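Structure assessment
So the chains spell out like this:
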Amino acid sequence: MRRMTRFFTLFLAAPLLAAADASVYAQAAPASPARAPFALVLHGGAGTISRATMTPELEKEYRAALTQALVAGHQVLAGGGSSLDAIEAAIHIMEDSPLFNAGKGAVFTSAGKNELDASIMDGSTLHAGSVAGVMHVRHPISLARLVMEKSPHVMMVGSGAEAFGQQNGVELVPESYFFTQRRWDDLQRVQAAEKKGDDAPRDAKFGTVGVVALDRAGRLAAGTSTGGMTNKRWGRVGDAPIIGAGTYANARCAVSGTGHGEFFIRNNVASDICARAEYLRETLEQAATHVVMDKLVRQGGEGGVIAMDDRGNWTMPFNSSGMYRGHIGEDGKPQVWIYRDE
């Protein structure tokens, strides 16, 4: 009997402890008493992002790109499109921008190549698709969706994934398409530090884009796309294409993460958040805040997530200095944030 009493005491205390963690930093919408007709949240990566390192011109570019992605997703949802369609439309915008570590703006591996990963999950069916290590796919998120919808598999990698994509009409581009001087310079900076025996700059470990959406039919979905980690080697794969780690969605919860992928994989971050909300009856904000602000912080894992539930409640906790992020609801008014103090 004593053991049962202790169990229920811990069970009841868990939401209170998670709520206390929220004071560290967690951005969230006010609780919604009724289902939101549709909504979309996105991120463009978390990491060392501060006003001191951002020019006014570059900040303006980031805000414009995030806004464009939000509007693209909203147009799909407002027209009655699915959450999957909205995610794909929004991520295409970010994959085509050199600002984000996904698609066109992907970082370089130690060999001077661009290897891209992506995943997508339909919360209404638990169907999912992902790709890793592709080098010629303009929109990896679209290839991930094809894996989900046109194959019996969940994940495909490398040349096999590209062959499947080519058979299904995916747009392929030469490797030179992904070259940007900014990312090339980042690689030289990291490799120079490596030669000196210095630690790699913290911002070399991060960079992902992701979208979570709720459509008019009440269906949740999540998608994530990335170029991985600067100077990565040996075919390294991070959390973005790992279902449950960087991307997860079910009927009640959807999550996309960004940060140091190894920590997100070890902690199964995205699905852990949804599990806490379902099994511990925590609010979405409590669940996400506990995992990002407590669990990851204690292990030294840096990053953040965007999450939404089936009532349109959303939250965006992150433990880094900044995270590119945004929200748009039924009113069609995009909201964009970059720094912690916004």
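The following paragraphs examine the structure supplied in this document. (Residues numbered from 1 in each chain as written. Predicted model: local features only at pLDDT ≥ 70, side-chain atom pairs only at ≥ 80, totals over all residues. Heavy atoms only, no water.)

Overview of the pairing of strand β5 (residues 209-214)
For β5, the tally of buried residues reaches six of six residues, placing the bulk of the element in the interior. Neither face of β5 is left uncovered, since the one carrying V209, V211 and A213 and the one carrying G210, V212 and L214 both have all their residues buried. Across five bridges, strand β1 (residues 39-47) lies against β5 in antiparallel orientation. The residue bridging A39 from the neighbouring strand is L214, located in β5. Sheet topology note: the β5/strand β6 (residues 220-226) ladder contains six bridges and is antiparallel. Of the residues in β6, the one forming a bridge with V211 is G223. (Buried < 20%, exposed > 50% of the residue type's maximum accessible area, 1.4 Å probe, protein only. Helix = DSSP H or I, 4+ residues; strand = E, 2+ residues; numbered from the N terminus. Pairing = 2+ DSSP bridges.)

Quick look at the sheet that holds strand β7 (residues 247-249)
Read from one edge of the open sheet, four strands run β7-β8-β9-β10, paired in antiparallel fashion. Since the sheet does not close on itself, it has two edges, and those belong to β7 and β10 (314-315), each with one partner. Of the pairings in the sheet, the one linking strand β8 (residues 253-259) to strand β9 (residues 303-309) comprises seven bridges and is antiparallel in character. Across the sheet, the residue bridging to S256 is I306, located in β9. In the packing of helix α8 (residues 269-279) onto the sheet, contacts are made with β7, β8 and β9, and the angle to β8 comes to roughly 145°. (Contact = heavy atoms within 4.5 Å. Axes fitted to C-alpha atoms, helices over the stretch in contact; angles between N-to-C directions.)

Observations concerning the side chain of S83
Note that S83 resides in helix α3 (residues 83-95). Only 3.2 Å separates the side chain of S83 from the backbone oxygen of R219, close enough to count as a polar contact. Discounting residues that sit within four places of it in the chain, S83 has contacts with L77, A213, L214, D215, R219, L220 and A221. (Polar contact = N/O pair within 3.5 Å; in protein donor to acceptor, adjacent residues only side chain to side chain.)

Structural notes on the environment of L187
Mapped onto the secondary structure, L187 falls in helix α6 (residues 181-195). By relative accessible area, L187 is classed as buried at 1%. Look past the residues within four positions of L187 in its chain and what remains in contact with it is F108, T109, S110, G112, T230 and N231.

Quick look at the sheet that holds strand β11 (residues 322-328)
Taken together, eight strands build an open sheet; the order of strands is β4-β3-β2-β6-β5-β1-β11-β12 and the sheet is mixed. Strands at the two margins of the open sheet, each flanked by one partner only, are β4 (155-157) and β12 (335-339). Ignoring strand direction, the axes of neighbouring strands in this sheet form an average angle of 10°. Pairing of strand β2 (residues 116-122) with β6, which is carried by six bridges, proceeds in the antiparallel orientation. When the sheet's bridge partners are listed, D122 is paired in β6 with A221.

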